[in-house]
Amino acid sequence: MSTEREPSAYDELRGEGWTRLLAAARRRLERTGGALDGDIGLTSPSEAERRTVIGVTGRYRPETAKRLAVPLSDLDGYLYDCYGTGLLQTLGRLHGPLRDRPAERAEEVARRDDALKSAHSSRLGGQGWFAVWLDRIAADGTLTRLVRRGDAPLLDAAVRVLERLTGDGDRSAGFPNDRSAGLPNRVPGLLPLPVLAEWATGDTKALVPGAPLEQLVLRALAQRTGGGSEVPRDRAGRRALWESTGAIADDLASQVLVLNIGARGDTVVCDWLRDAAGFGIPFRLTLHQLATDPVVPAARTLFVCENPAVLRAAAGELQDTAAALVCTEGVPSAACHKLLGDAVRAGARLHWRADFDWTGLRITADAVARHAAHPWRMTAADYTAALGEGGSTPLAGPPAASPWDPGLALAMEASGSTVMEERLLPALLSDLTHA
């Protein structure tokens, strides 16, 4: 029996006759966990490879052979006889240790299962949107990629963020109660993303746009809001998702458009609002202004619309005689919720409407639950009458309920058509005139 040789003795195994043969052997052994059964093959072998295979197997192979098969056991025995090391040890000495892919896959599956088990144990585990989110990131390879990169802990971090944002914190102001979770509250009533990121991960930049944790959380929030798992690509859409839970990506970019709301108070912002109302001029408030210089609208009744076209028409036709009007410009921003929440707590009454589409129903239902708002021309009768006034686009997305008038959602589902609130403009302007 031959004794084990020095590494330099393996130089001949790096030649043309051996390179492909040993590479094929490594691939097979890594795939099977080192099992020395079965054989490997070489297609279109060169003359040097043909001679090598003849030497290993002891069987003649003609020059016309298109494929040469070599049992792994023959190769193992040949190398041990010649070099004193079997196939596994020889490959390790030539090109480093072999991977045990079955063991790696088993470990990967175990890490995936552990990550999912931990996530499902969250107090959000019973929420349908949360379960669907986990199922989707497990099915589309997202979780596998996290595990392979060693980033599986990000799933736990995402769950902590979601628990914080969608849990049972103090919602009286439309924002989570930061102190109840040990979060520093740097701006009263607000939860900035860097603060949330540091609390969840120790890294203030963990939730910056494009970060893996940001993607995970936004996919969950998109699922929660009924928009599927598709994360908006535009900055405004992503900001709206954060603000739907009270997290603030940018308190200067978060704004609310108003007309004639006036203000009670002796501050610069209140002065601006009174001046704007005196001339019937639309005005924009930022979340930063509302947080640092709280505004209490002077109007006791506020109307809320979704589309700027309604506010623009009110400003153009009614000017300073129009009732106080707030425009959400789609899904209400954090600035919008802050203004209206403060107004309601000061005794104001909200009349709220949105488009007759599924998103509009969700916006209105949330306003009723969050601000005790009263739906404004948002009944099945209003929808049916407006539907007959012109053509409509098909309803899109998952259906939503209309708890204040269940017949509305049923009528919309039956017709399958949207009605934008601009179609109700004459009636809306009449309401704003006589309020």
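This is a predicted model, so every value here is computed, not measured. Per chain, the residues get numbers from 1 upward, laid out in the order the sequence is written. With pLDDT at 70 or above as the cut-off, local features in this predicted model cover only qualifying residues; side-chain atom pairs require 80 or more to be listed or tallied, and sums for whole chains, interfaces and linings still use all residues. With hydrogens and water set aside, each side-chain value is computed from the structure's full complement of heavy atoms.

Caption draft 1: Spotlight on the packing of aromatic side chains. Aromatic rings from Phe, Tyr and Trp, with only the six-membered ring used for Trp, were paired whenever their centres fell within 6.5 Å, and each pair was classed as stacked if the ring planes differed by under 30 degrees, edge-to-face if by over 60, and tilted otherwise. A full pass over the atoms with the stated rule returns seven aromatic pairs. Seen from their ring centres, Trp129 and Phe130 are 5.7 Å apart, and the 90° between their planes marks the pair as edge-to-face. As far as burial versus exposure is concerned, Trp129 and Phe130 are alike and both buried. Counting every residue linked through ring pairs, the aromatic cluster contains Trp129, Phe130 and Trp133. In this arrangement the basic side chain of Arg353 is found over the ring face of Phe356, its NZ or CZ atom lying 5.2 Å from the centre. The buried label applies to any residue whose accessible area, calculated with a 1.4 Å probe on protein chains only, is under 20% of its type's maximum; exposed applies above 50%, and partly exposed to all values in between. Remark: a charge is flagged as sitting over a ring if the NZ atom of Lys or the CZ atom of Arg is within 6 Å of the ring centre and within 35 degrees of the ring normal.

Caption draft 2: Structural context of the pairing of strand β1 (residues 39–43). Only one face of β1 is buried, namely the one carrying Ile40 and Leu42, since none of Asp39, Gly41 and Thr43 on the opposite face is buried. Two strands pair under a simple rule: DSSP has to find at least two bridges between them. Secondary structure counts use DSSP, requiring at least four H or I residues in a row for a helix and at least two E residues in a row for a strand, with both numbered from the N terminus. Of the pairings in the sheet, the one linking β1 to strand β2 (residues 67–71) comprises five bridges and is antiparallel in character. The residue bridging Thr43 from the neighbouring strand is Arg67, located in β2.

Caption draft 3: Unusual backbone geometry, seen in detail. Of note in the backbone geometry, Gln319 takes a positive phi value of approximately 50° without being a glycine. Its place among the elements puts Gln319 in the loop between α14 (308–317) and β8 (325–327). In this structure, Arg377 is a non-glycine residue whose phi angle is positive, near 50°. Residue classification places Arg377 among the partly exposed positions, given a relative accessible area of 30%.

Caption draft 4: Broad picture of the pairing of strand β9 (residues 349–352). Where strand β7 (residues 301–305) and β9 come together, four bridges link them in parallel fashion. Counterpart to Val304 in the pairing with β9 is Trp352. Sheet analysis places β9 next to strand β10 (residues 374–375), joined by two bridges and oriented parallel. Counterpart to His351 in the pairing with β10 is His374. Handedness rule for crossovers: strands pointing away from the viewer, path from the first strand over the helix to the second running clockwise, crossover right-handed. One crossover worth recording links β9 to the parallel β10 by way of helix α16 (residues 358–371), and it is right-handed.

Caption draft 5: Looking closely at the sheet that holds β9. The six strands lie next to each other as β6-β5-β8-β7-β9-β10, forming an open sheet whose pairing is mixed. The open sheet has two edge strands with one neighbour each: β6 (283–286) and β10. In what follows, a contact means two residues having at least one pair of non-hydrogen atoms within 4.5 Å. Helix axes are fitted to C-alpha atoms over the stretch in contact, other axes to C-alpha atoms as well, and angles between N-to-C directions run from 0 to 180 degrees. In the packing of helix α15 (residues 334–345) onto the sheet, contacts are made with β5 (255–259), β6, β7, β8 and β9, and the angle to β5 comes to roughly 55°.

Caption draft 6: Representation of the packing of helix α1 (residues 16–32) against helix α2 (residues 47–57). It is at 7 Å that the axes of α1 and α2 come closest, and there the two elements cross at 70°. Between α1 and α2, the angle is such that the two are roughly perpendicular. For the pair α1 and α2, the sense of crossing is right-handed. Of the residues in α2, those in contact with Glu16, Gly17, Trp18, Arg20 and Leu21 of α1 are Ala48, Glu49, Thr52 and Val56. Any residue outside Ala, Val, Leu, Ile, Met, Phe, Trp, Tyr, Cys, Pro, Asp, Glu, Lys and Arg is labelled polar, Gly included; the first ten of those are nonpolar and the last four are charged. The residue inventory of the contact of α1 with α2, partitioned by class, reads four nonpolar, two polar and three charged. Relative orientations are named as follows: roughly parallel for angles under 35 degrees, roughly antiparallel for angles over 145 degrees, roughly perpendicular for angles from 65 to 115 degrees, and oblique for any other angle. Two helices that cross are described as forming a left-handed crossing if the nearer one is turned anticlockwise from the farther one by less than a right angle, and a right-handed crossing if clockwise.

Caption draft 7: Quick peek at the pattern of salt bridges. Only one rule defines a salt bridge in this text: a Lys or Arg side-chain nitrogen within 4 Å of an Asp or Glu carboxyl oxygen. On inspection of all chains with the given rule, the structure shows 21 salt bridges. Asp11 serves as the salt-bridge partner of Arg14, at 2.7 Å between the closest nitrogen and oxygen. With relative accessibility at 42%, the residue Arg14 sits in the partly exposed group. Put simply, Arg274 and Asp271 hold a salt bridge, and the shortest N to O gap is 2.5 Å. Separated by three residues within a single helix, Arg274 and Asp271 lie in helix α12 (residues 268–279), roughly one turn from each other. Asp271 gets classed as partly exposed once you look at its relative accessible area, which sits at 33%. Residues participating in the shared-partner salt-bridge network are Glu47, Arg50, Arg51 and Glu63.

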